[in-house]
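Letter by letter, the chains look like this.
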Amino acid sequence: MSIVQQIEAIYANRGGRARELRRAGEKIIGYFCCFVPDEIITALGMVPFRIQGSQSEPIDEADALLEPMACPFARSCFNMALKGQYEFLDGFVAPHSCDTIERMYHIWRSNTPSPFNHFINVPHMLGPSSSEFYKNELRYFVTCLEEFSGRKLETEKLRESIRLYNRRGALLRELYELRKQDPPRVSGTEITQVLVAGMGVPAAEHIDLVQAFIEEVKNRPAPAPDGLPRIFLWGNEIDDVAFIQLVEACGAHVVMDDLCTGTRFFWEAVPETDDPLDGLVQKYLGTHCPRSLTPQVGARAEDLENRFSYIRRFAADWKAQGAIFYIVRYCDTCELEGPDLKEYLLKHKLPVLMIEDDYSTATIGQLRTRIQAFLEMIA
Amino acid sequence: MDATRQAKTTAVKGTHTAREVRPLVKNIYQSAHEAKQNGRKVAYMMVASHYDEILRAMDIVPLPTENYAGLCAAKRDMDRFLLKAEADGYSQVLCSYARIGLGFDSLRKELGRIPDNSPDGGMPLPDMMLGSSAVCDPRFKWYQAASRYLEVPTFSIDVVAPPPQADLNQVRDHYIRYQRAQFQGLIEFLEKQTHQKMDKERLWEAIRLGDQAWRLWHDIDRLRVAVPSPMPSQDHFSIMVAGHYYTGTQTAVDFYQKLYDEVKYKAEHKIGVIAEEKYRILYGGGLPPWHTLWIFNYFESFGALFAIENVYRGFDPVEVPAHIQDPVDYLAWRAFLRATRYHEKARARSGNPTVEKLLGLIADYAIDGVVFHACRSCRATTIGQTHIKSELGKYCDLPMMQLVSDMVDLRDYSEAQWKAQIGAFMEALAARDGSK
Ligand code: SF4
Ligand code: SF4
């Protein structure tokens, strides 16, 4: 199997590797979003698994237990759990990423409990006291996981684990560098497959995959110039390639992103600190997510600059010519952030298409005309 | 819009004192306008953030933007604000309180003045905005977005609560320490805005008044166990104005004292709200349908009275340890104790604090049925209702129903559907009655 085929296979069968590992005696700890440190789980000898939904399966069973105005990503994950598709999880960990996830934690826990269930409170505010609080939440998480696993967390192990994830992050950034070429040698669709595949396998295995994939991409012949527009994507959970495929099929290259399933979870490395937990706190609370509130700085223009300049740099460095926002419907923090970011990017002459969608491949085709019109406009 | 504006929204109240709330509401906005004229500081704020007493102690005049949204709905004057926010790019599924607030701010900016005929004179430009993460995400994110229309200093605090399964002995310290730091951060921000140091004695005074009002309110609710019920839920939705928007003032204490006396008299003299109280209903949760409060009277026409409710509650008195000598420590402890009030019970039985609270109410208030209200755009108070309903069903056998609309956005509400649902619910109550 070529490396691309291997990645596609893991992407298509996301729980496959975890099930295998579990049969071999490993413990699998499932979690949501970008605020649960993989490093801790790995350092305790368990396998972290980032829970995903399925955009192609209808949400049927969850309806009886979880209201339809909850984020459909969360609903889809829970739907899969109800249908027994997450039976391989030894642990279920939810961070307080948003109202929906917080509420769902309790519903999930009482309907399909795992042997280990844990909730991590993540501050919405940022600052020294928030960091201290989150560190204490991580300490408590460690205590509970230790109890569950019967192992003690060794600082050296945690450092090793941090280095492992940092190495993966560095590789992914290297891969993203290859998107800078025009036209890029690697598509947005492939990138999503690589990232999502990695969420269900141990980091060491993911590193091997990414490394091999980078080699493969580097050896591809340079594509001929095609003049297609380069797109930056902003939004939340895109764990299915359908939307990116659609954008690319409409005649564009998706070259850079700020998504929970993209740069957000790996871009910043964990700094090496005396107490490794401090490094984890810095990285995880630094996650660029609308659910975290950047304290106000100066007047409006300065504040927007402080909140979003990293996005402007992403777009500039990857030479994006337009930005598409893909917001999973019912995500209040994204819905409130979108118009601000749009205003900011428009001021910096980057055209924006803001899309709100239902996290379902069944309805994605309806977006085609809007995307086409946008691409024509920026061409 | 004219047609909707004329429609009746309010409910007939059960107590006289509840009828005195209307001036209190008006006064919120009027005093904000006056304060602006007198150079006092006015702040947009979020109800139930546990910081009210700090504002009072620092002479900040509170402008509760969520309440304003509810007020617009009660006046059936919400569409122009909702539509404006949507035209500005806010999603139709975003919290409708936030949409009304943003739409109002946007219109005020565009016009350079308060939009004509705004309910109760509209909200003046605040000097600052104070958000919080208590209850939901929009409550800190909304003010950040509002800076698009009004450039004023904005500050938000976290309000944290541990999950029921957490070992409180292990997490108590860091939760309280963080809560304290968040309040302290707010105080420092306000000191900068007002150029004045906070006076701890004044804070203690506000806390004393706050606790006193909530204690009285709690005592009133305990009187409501009486059969027939001396005060219905629709009154609660009005009288909560004193406890939530006048926290830390003598006004709230006086108001509840008066209400207490009235409810006590009614309870003692068995003066009920309706002539024949056939069923006692628990309002199980969800924000009230501000646009259609008369629906409570509709229930009453079947002899079904809402005896107690689980919304705008949660501040029932708690015992802060006596060794706490600092008012900011006190606030942090109090917030923690409020948030964990039902944790122990939850751990012992259902695992769910809300379920425990509801079971307590069902037993104490001799409840015959439970009604929830799901609001399409409020995730925080809606998600989990279905689950709680099904969990409750494991411990009690009562007819339950969930009505669906929104707290203010009426665009997909159907009166006919509600009435049909209520009819079926009444049949279930009657059937249960017959089999008793
Ligand atoms: S998309 Fe929004 S609602 Fe859904 S999990 Fe993410 S932050 Fe929560
Ligand atoms: S989402 Fe619900 S709880 Fe939050 S501000 Fe809106 S109405 Fe209030």
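Scroll up to find the structure this text is about.
Okay, so let's go over this structure.

1. Thoughts on the sheet that holds strand 3 (residues 128-132) of chain B
All names here are of chain B. Overall, parallel pairing links the 4 strands, which are arranged 2-1-3-4 in an open sheet. Here the strands that pair on one side only, and so sit at the sheet edges, are strand 2 (61-64) and strand 4 (154-157). Averaged over all adjacent pairs, the angle separating strand axes in this sheet is 25°, with direction ignored. Sheet analysis places strand 1 (residues 42-45) next to strand 2, joined by 4 bridges and oriented parallel. What sits directly across from Tyr-44, in strand 2, is Leu-63.

2. Considering the packing of helix 1 (residues 3-12) of chain A against helix 8 (residues 188-198) of chain A
All names here are of chain A. Helix 8 packs onto helix 1 with a crossing angle of 60° between their chain directions and a minimal axis gap of 8 Å. With respect to helix 8, the element helix 1 is oriented oblique. The element helix 1 and its partner helix 8 pack so that their crossing is left-handed. Residue-level contacts link Val-4, Ile-7, Glu-8, Ile-10 and Tyr-11 of helix 1 to Glu-190, Gln-193, Val-194, Val-196 and Ala-197 of helix 8. For the contact of helix 1 with helix 8, the class distribution of residues is 7 nonpolar, 1 polar and 2 charged.

3. Remarks on the site of ligand 1
Taken together, Cys-71, Phe-73, Cys-98, Thr-100, Ile-101, Asn-236 and Cys-331 of chain A make up the full set of residues adjacent to ligand 1. A per-class count over the shell around ligand 1 returns 5 nonpolar, 2 polar and no charged.

4. Focus on the nonpolar core
Membership of the largest hydrophobic core comes to 281 residues, with the highest contact counts inside it found for Phe-32 and Phe-243 of chain A together with Phe-299 of chain B. Sort the elements by how many residues they give to this core and helix 8 (residues 168-194) of chain B lands first, with 10 residues. In this structure Phe-299 of chain B touches Ala-304, Phe-306, Val-371, Met-401, Leu-403, Ile-422, Phe-425 and Met-426 of chain B, once residues within four positions along its chain are discounted. With 17 residues, the next largest nonpolar core counts Leu-359, Phe-372, Ile-388 and Leu-398 of chain B among its residues.

5. Some words on helix 9 (residues 200-223) of chain B
In a regular helix each residue adds 1.5 Å, so 24 residues correspond to 34 Å; helix 9 of chain B covers 34 Å between its end C-alpha atoms and thus fits that length. Two or three places before Glu-201 of chain B, at the opening of helix 9 of chain B, Asp-199 of chain B has a side-chain oxygen 2.8 Å from that residue's backbone nitrogen.

6. A look at the sheet that holds strand 7 (residues 369-375) of chain B
Note: strands within a sheet are paired through backbone hydrogen bonds, in either parallel or antiparallel orientation. Residue and element names in this part refer to chain B. With parallel pairing, the 4 strands of this open sheet are ordered in space as 6-5-7-8. The sheet is open, and its two edges are formed by strand 6 (304-309) and strand 8 (400-405), each paired on a single side. Neighbouring strand axes in the sheet, compared pairwise and without regard to direction, differ in orientation by 30° on average. Examined bridge by bridge, strand 5 (residues 279-285) and strand 6 share 5 bridges and lie parallel to one another. Each bridged residue has a counterpart across the sheet, and for Leu-282 the counterpart in strand 6 is Ile-308. Strands in contact with helix 10 (residues 233-245) are strand 5 and strand 6; relative to strand 6, the strand with the most contacts, it is inclined by about 40°. Docked against the sheet, helix 17 (residues 385-395) engages strand 5, strand 7 and strand 8, running at close to 175° with respect to strand 8.

7. What about the site of ligand 2?
Contacts to ligand 2 come from Glu-66, Cys-95, Tyr-97, Val-135, Cys-136, Pro-138, Arg-139, Leu-287, Cys-378 and Met-407 of chain B. For the shell around ligand 2, the per-class residue count stands at 8 nonpolar, no polar and 2 charged.

8. Concerning the pairing of strand 1 of chain B
Residue and element names in this part refer to chain B. Side-chain alternation along strand 1 places Val-42 and Tyr-44 on one buried face and Ala-43 and Met-45 on a second face that is also buried. Read as a crossover between parallel neighbours, the route from strand 1 over helix 3 (residues 52-57) to strand 2 is right-handed. In terms of strand pairing, strand 1 meets strand 3 through 3 bridges, oriented parallel. What sits directly across from Ala-43, in strand 3, is Met-128.

9. So, the interface of chain B and chain A
Taken together, the 57 residues of chain B in the interface contact 50 residues of chain A. Buried surface at the junction of chain B and chain A, both sides included, amounts to about 4400 Å², of which 57% is carbon and sulfur. When the buried area of chain B at its contact with chain A is split by residue, Lys-141, Arg-379 and Ile-383 of chain B rank highest and sum to 16% of it. Inspection of the region where chain B meets chain A yields 4 salt bridges. Notably, a salt bridge pairs Glu-343 of chain A with Arg-148 of chain B, separated by 3.8 Å at the nearest N-O pair. Listed by contribution, the elements that provide at least two residues to the side of chain B that touches chain A are helix 7 (138-146), strand 4, helix 8, helix 16 (379-382) and helix 17 of chain B. Looking at the side of chain B that touches chain A, the element that brings in the most residues is helix 8 of chain B, giving 8 residues. Of the residues assigned to the side of chain B that touches chain A, the class counts are 28 nonpolar, 18 polar and 11 charged.

Quick notes on the rules
Residues numbered from 1 in each chain as written. Chains lettered and ligands numbered in written order. Predicted model: local features only at pLDDT ≥ 70, side-chain atom pairs only at ≥ 80, totals over all residues. Heavy atoms only, no water. Pairing = 2+ DSSP bridges. Helix = DSSP H or I, 4+ residues; strand = E, 2+ residues; numbered from the N terminus. Axes fitted to C-alpha atoms, helices over the stretch in contact; angles between N-to-C directions. Parallel < 35°, antiparallel > 145°, perpendicular 65-115°, else oblique. Left-handed = near helix turned anticlockwise from the far one by under 90°. Contact = heavy atoms within 4.5 Å. Nonpolar A, V, L, I, M, F, W, Y, C, P; charged D, E, K, R; others polar. Near = heavy atom within 4 Å. Core = buried A, V, L, I, M, F, W, Y, C linked by side-chain atoms within 4.5 Å. Buried < 20%, exposed > 50% of the residue type's maximum accessible area, 1.4 Å probe, protein only. Expected span 1.5 Å × (residues − 1). Polar contact = N/O pair within 3.5 Å; in protein donor to acceptor, adjacent residues only side chain to side chain. Right-handed = clockwise from strand over helix to strand, strands pointing away. Buried area = accessible area lost by both parts, 1.4 Å probe. Salt bridge = Lys/Arg side-chain N within 4 Å of Asp/Glu carboxyl O.

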